[in-house]
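Analysis of the macromolecular model
Spelled out, the chains give:
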Amino acid sequence: MYEYIYGAILAVISICIGIHLWRKRNSLRRLHAMSDREKNELLDSLAEPFGYRYVPEWDTFSSRVDAWQKQFGYGAIYDRAASYFHMVLETLPVYFNYDGKTWLIQIWKGQYGICTGCEVGIYHADRIVAKENRATTIFHVVDEEEMLLISTELRREGQLIAFRRETHWWLTTFDVGTFSEPEQLSLKIAIHFFNPEMQAAFYMGLLEQGVDWNDIFTRFYTVYFYISEGVAEPSRWKRVQSALAQWLNRFNCKLFCFVTRFCVSSRDRILYLYFYLPFVYRHVLCFRRAPGKRR
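Residues numbered from 1 in each chain as written. Predicted model: local features only at pLDDT ≥ 70, side-chain atom pairs only at ≥ 80, totals over all residues. Heavy atoms only, no water.

**Comments concerning the side chain of Ser62**
To keep it simple, the criterion reads: Helical segments are the DSSP runs of H or I of at least four residues, strand segments are the runs of E of at least two, and each set is numbered from the N terminus. Here a polar contact is recorded for every N or O atom pair within 3.5 Å, except that within protein the pair must consist of a potential hydrogen donor and a potential acceptor, and residues adjacent in sequence are included only if both atoms are side-chain atoms. We call two residues in contact when some of their heavy atoms are within 4.5 Å.
Mapped onto the elements of the fold, Ser62 is located in strand β2 (residues 60-63). A distance of 2.6 Å separates a polar atom in the side chain of Ser62 from the backbone oxygen of Thr172. In this structure, Ser62 is in contact with Gly51, Tyr52, Arg53, Val55, Arg164, Leu171 and Thr172, ignoring residues within four places of it in sequence.

**Things to note about a nonpolar patch on the surface**
The line we're drawing: Within this analysis, patches are made of residues with over 30% relative accessible area and no salt bridge. Like charges are joined at 9 Å or less; nonpolar side chains (Val, Leu, Ile, Met, Phe, Trp, Tyr) at 5 Å or less. Note on areas: Shrake-Rupley, 1.4 Å probe, and residue coverage restricted to the protein chains presented here. Put simply, a salt bridge is a Lys or Arg side-chain nitrogen that is within 4 Å of an Asp or Glu carboxyl oxygen.
Residues Trp58, Leu160 and Phe163 make up a contiguous nonpolar surface patch of roughly 240 Å² in combined accessible area. Mapped onto the fold, Leu160 is located in strand β8 (residues 159-168).

**Considerations on the environment of Leu206**
Here is the rule we go by: Think of it in three bands: with a 1.4 Å probe and only protein chains considered, a residue is buried below 20% of the maximum accessible area for its type, exposed above 50%, and partly exposed in between.
Its location among the elements puts Leu206 in helix α4 (residues 196-208). Of the residues examined, Leu206 reaches a relative accessible area of 0% and is grouped as buried. Through-space distance from the C-alpha of Leu206 to that of Ile216 is 8.5 Å; in sequence the pair is 10 residues apart. The residues contacting Leu206, other than those within four sequence positions of it, are Leu92, Val94, Val211, Ile216, Val223 and Phe225.

**Observations concerning the pattern of salt bridges**
Under the criterion given, the structure shown has 14 salt bridges. A salt bridge links Asp66 to Arg64; the nearest nitrogen and oxygen atoms lie 3.0 Å apart. Judged by relative accessible area, Asp66 falls into the exposed class, the value being 52%. Through salt bridges with shared partners, a single ionic network connects Asp36, Lys39, Arg267 and Asp268.

**Here's the deal with the sheet that holds strand β11 (residues 216-219)**
To keep things clear, this is the line we draw: Here the rule is simple: two strands pair whenever DSSP picks up at least two bridges between them. Between the N-to-C directions of two axes lies an angle of 0 to 180 degrees, each axis being a line fitted to C-alpha atoms and, for a helix, fitted only over the stretch in contact.
Taken together, five strands build an open sheet; the order of strands is β8-β7-β10-β12-β11 and the sheet is antiparallel. Two strands close off the open sheet at either side, each with one partner strand: β8 and β11. Neighbouring strand axes in the sheet, compared pairwise and without regard to direction, differ in orientation by 10° on average. Alignment of strand β7 (residues 148-156) against β8, held across nine bridges, turns out to be antiparallel. Counterpart to Arg155 in the pairing with β8 is Leu160.

**Description of unusual backbone geometry**
The phi dihedral of Asp59 is positive, around 55°, even though this residue is not glycine. By secondary structure assignment, the location of Asp59 is in the loop between β1 (52-55) and β2. A positive phi angle, near 55°, is found at Asp99, a position not held by glycine. Structurally, Asp99 is set in the loop between β3 (87-98) and β4 (101-112). Owing to a relative accessible area of 58%, Asp99 belongs among the exposed residues under this scheme.

**Topic: the packing of aromatic side chains**
Condition: Only Phe, Tyr and Trp rings are paired, with Trp represented by its six-membered ring, and only when their centres lie within 6.5 Å; those with planes under 30 degrees apart are stacked, over 60 edge-to-face, the remainder tilted. A positively charged side chain is recorded as over a ring if its NZ (Lys) or CZ (Arg) lies within 6 Å of the ring centre. The angle to the ring normal must also be within 35 degrees.
Per the stated rule, a full pass over the model turns up 20 aromatic pairs. These aromatic residues form a ring-pair network of at least three members: Phe96, Tyr98, Trp103, Phe193, Phe202 and Phe225. One Lys or Arg, Arg261, reaches over the ring of Phe258 and ends 4.2 Å from the middle of that ring.

**A closer look at the confidence of the model for the protein chain**
This is how the line gets drawn: pLDDT gives the predictor's per-residue confidence on a scale running from 0 to 100.
This prediction gives the protein chain a mean pLDDT of 85; 85% of its residues lie at or above 70. Considering only residues more than four positions removed or in separate chains, one finds that residues 290-295, a stretch of pLDDT under 50, has 12 contacts.

**What to know about the pairing of β2**
Covered by surrounding structure in β2 are Thr60 and Ser62 together with Phe61 and Ser63, the residues of both alternating faces. Linkage of β1 to β2, two consecutive antiparallel strands, is achieved through a turn of four residues, within which Asp59 is found at a positive phi near 55°.

**Let's talk about helix α6 (residues 266-276)**
Counting along an α-helix, one turn takes 3.6 residues, and residues three or four places apart therefore face a common direction. α6 sits mainly inside the fold: 10 of its 11 residues count as buried. Taken residue by residue, α6 has Ser266, Arg267, Asp268, Arg269, Ile270, Leu271, Tyr272, Leu273, Phe275 and Tyr276 as its buried positions.

**So, the packing of helix α2 (residues 36-47) against α6**
For any two helices packed against each other, one specifies the inter-axial angle together with the distance between the axes. Selection criterion: Between 65 and 115 degrees an angle is taken as roughly perpendicular, under 35 as roughly parallel, over 145 as roughly antiparallel, and anywhere else as oblique. The crossing is said to be left-handed when, going from far helix to near helix, the turn is anticlockwise and less than a right angle, and right-handed when the turn is clockwise. Side-chain classes are defined by residue name, with Ala, Val, Leu, Ile, Met, Phe, Trp, Tyr, Cys and Pro counting as nonpolar, Asp, Glu, Lys and Arg as charged, and the others, Gly among them, as polar.
Packing of α2 against α6 brings their axes to within 10 Å, and their N-to-C directions diverge by 70°. By the angle between their directions, the pair α2 and α6 is classed as roughly perpendicular. The chirality of how α2 crosses α6 is left-handed. Where α2 abuts α6, its residues Asp36, Lys39, Asn40, Leu42, Leu43 and Leu46 lie against Arg267, Asp268, Ile270, Leu271, Tyr274 and Phe275. Taken together, the residues of the contact of α2 with α6 break down into seven nonpolar, one polar and four charged.

Below, the structure is given as structure tokens:
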């Protein structure tokens, strides 16, 4: 009787292995049959429901102007929960008062799950917010006519990951499958403002947040500045949370690269997962979650 049981188990294992090999070969066959244009268009359509688009020039992802995240605005409480979502970030909030409102230009860089990335978000309140209330205020996303021309240059240990330049409210770069500690990343940013008053207010906000004036340059209505490290000193518990999250992020990056080792570009890796393990690829595209939003 035991021979039949062992035989049945062996048969099931053989069938599972066969299905696995067939799915893998079929996925690679479908991927190799597609042109670059077809791959780019498919990946762009897959990323759109998550609020992102594929940037083929850099083989990275960036946020869309019409991203659903727009409805949530920003509050400091969001970042306090970031490590629970495997996001380990250095952040720089720059507050300044202009046109009867308190504005916030929030900058992030670090590890987002299995992605290395950066963000620049532009928000404002509907009033002047006292300094002691800024950390508890939810800031709204700027209207379309208030969006600013932003450029970002993200580097990892001196090596360029991506350069982005766009009029936006939330300009981002996400490099899938790359693991980084936040301190390994440097970020050059340029923001073009509406007038000298707005430019000067932002410049003073940078200084208030501890950015060295030697790392800031102004030209016409544009402020250029360099961020190598965040300004906040994390608590001991926060450091423990970040270490645990980074351990898992590093493991998941290695697992992602191993499973997709037959591919070279991030585009092909994600499409391979889409064909081979469709229930997994969705988690790859969830770079940034807003509170209350599930995908």
